[in-house]
Amino acid sequence: MDVLGRRLVAALQVNPRASWGEIGRAVGEHERTVARRLQRLIGDGAVQVTAIYDDLRSGHGSPVHLHVQVRAGTAARVADALASRSDTRSVYSVTGAADIGAELVAPSRAALHEILNVEVHGIDGVAGTQTQVVLHTFRTVAEWHAPYLTDEEVALLSPPRPDVTLPDQDGLSPLESEVAELLVADGRIGFTSIAERTGISVPTARRRVASLLERRVLLLRAEVEPSLLGLDVEAQLWLRVRPHGLDQVGETLKRHPGVRYCAATSGTYTMLVQVAVAHEADLYRFLTEVVGPLDDVTDVNVTLITRAYKRGFLRKEHS
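From a predicted model like this one, the values you see are computed outputs, not experimental measurements. (Residues numbered from 1 in each chain as written. Predicted model: local features only at pLDDT ≥ 70, side-chain atom pairs only at ≥ 80, totals over all residues. Heavy atoms only, no water.)

As a further point, take the overall build of the protein chain. Scanning the protein chain from terminus to terminus reveals 12 helices and 11 strands. Residue burial in the protein chain is summarised as follows: out of 319 residues, 51% are buried. Taking the contacts inside the protein chain whose residues are at least 6 apart along the sequence as the reference set, 76% of them involve residues at least 24 apart. Here the protein chain displays about 14,700 Å² of accessible surface, and carbon together with sulfur accounts for 50% of that area. Averaging the coordinates of the 35 positive side-chain charges in the protein chain and doing the same for the 40 negative ones gives two points 3 Å apart. (Helix = DSSP H or I, 4+ residues; strand = E, 2+ residues; numbered from the N terminus. Buried < 20%, exposed > 50% of the residue type's maximum accessible area, 1.4 Å probe, protein only. Contact = heavy atoms within 4.5 Å. Areas by Shrake-Rupley, 256 points an atom, 1.4 Å probe, with all protein chains shown as cover. Lys, Arg positive; Asp, Glu negative; His and termini not counted. Charge placed at Lys NZ, Arg CZ, Asp CG, Glu CD.)

Quick look at the structure:
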């Protein structure tokens, strides 16, 4: 993907429902050029516009990260089995002590017990697991964009954010759930199509979508492989952070342009940070210049993502 393509995808990541004209005005390109380039990328499947739930706020369940050890020669089969589950959001092959990293959403503690102790361990090849439950999310992957835009361009594209305190949990009505599922299937679906499929008026469809997004129950996402954007090195950093420093460390790291995801978790390590950068040297600088000065970080375990089998509930072709 050339420089313009990367800039246009980054703009779509900032605002996945922006019109081609809005993107063109923000990045200084003609609307026809924007439409042609992005429609081709979406049509080819290189970019997928979808939406993901804020699980804690929507009441869908609790996100859980797994480190999975497997028997020799079974990694691909286990990863594919995990990716085929409807409750896994992401599945990766990783370096380090674990062979596979996965995130799943468990609807309840009872369900999590069944998933971990029966279903996951029942997959042929699984030798062991470690579980980290997400306690607080500082940045979701849906809130990240590739670092190819200026601050001014990002500001022009960013949808307004409500200046209100949002509830920790905000359930959905049946109609809202129906609208949300349409956005999950196609994050750029038009208001007219939503109205037709749900039997409501277009203004009501517009208000329902706005409410879901403003309350952050649903997060729009333009999904693309980081390598297509020139970000060839993906890493998961597991940090041990002193409890009193979790907020400060999380708030600091989430602002870095290379950080795709940052959350506080239970377990041996208390924070997970996912990073995408162009080169190993950039990862080294992130460790030494960004993480290193944080006094409340007492230990770092770095694993590299070598293959993605699933991202944002979307299966990858090679899996």
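The UniProt record marks residues 181-232 with the feature "domain: HTH asnC-type" (unreviewed entry), using the residue numbering of this structure. Helix makes up 50% of residues 181-232 and strand 12%, with an end-to-end C-alpha separation of 32 Å. (UniProt positions renumbered as here; feature names shortened; annotations may be inferred.)

A separate point is the packing of aromatic side chains. Inspection of the entire model under this criterion finds zero aromatic pairs. The ring of Phe191 has Arg17 lying over it, and the distance from NZ or CZ to the ring centre is 4.9 Å. Sitting above the plane of the Tyr269 ring, Arg240 keeps its charged end 4.3 Å from the centroid. (Phe/Tyr/Trp six-rings, centres within 6.5 Å; stacked < 30°, edge-to-face > 60°. Lys NZ or Arg CZ within 6 Å of the ring centre and 35° of its normal.)

Here we come to the side chain of Gln132. For Gln132, the location among the structural elements is in strand E5 (residues 126-139). For Gln132, the side chain forms a polar contact with the main-chain oxygen of Tyr269, separated by 2.8 Å. Not counting chain neighbours up to four residues away, the residues in contact with Gln132 comprise Val64, His65, Trp238, Thr265, Ser266, Gly267, Thr268 and Tyr269. (Polar contact = N/O pair within 3.5 Å; in protein donor to acceptor, adjacent residues only side chain to side chain.)

Moving on, we get to helix H5 (residues 75-83). Regarding H5, the residues found buried are Val78, Ala79, Leu82 and Ala83. Each buried residue of H5 sits inside an arc of 135° when the element is viewed along its axis, so together they form one side. (Arc of directions from axis to C-beta.)

Proximity of charged atoms lets side chains of opposite charge pair with each other. Using the criterion set out here, one finds 22 salt bridges in the structure. The closest approach of N and O atoms between Asp124 and Arg77, which form a salt bridge, is 3.3 Å. Of this pair, Asp124 sits in the loop between helix H6 (109-120) and E5 while Arg77 sits in helix H5, and the two are 47 residues apart along the sequence. Assessed through its relative accessible area of 44%, Arg77 is described here as partly exposed. Here Arg89 makes a salt bridge to Glu103, at a shortest N to O gap of 3.1 Å. Of the two residues, Arg89 sits in strand E3 (residues 88-94) while Glu103 sits in strand E4 (residues 100-106), which places them 14 residues apart along the sequence. Judged by its relative accessible area of 8%, Arg89 is buried. Of the residues examined, Glu103 reaches a relative accessible area of 6% and is grouped as buried. The network of salt bridges with common partners includes Arg221, Glu223, Glu225, Glu234, Arg260, Arg311 and Lys316. (Salt bridge = Lys/Arg side-chain N within 4 Å of Asp/Glu carboxyl O.)

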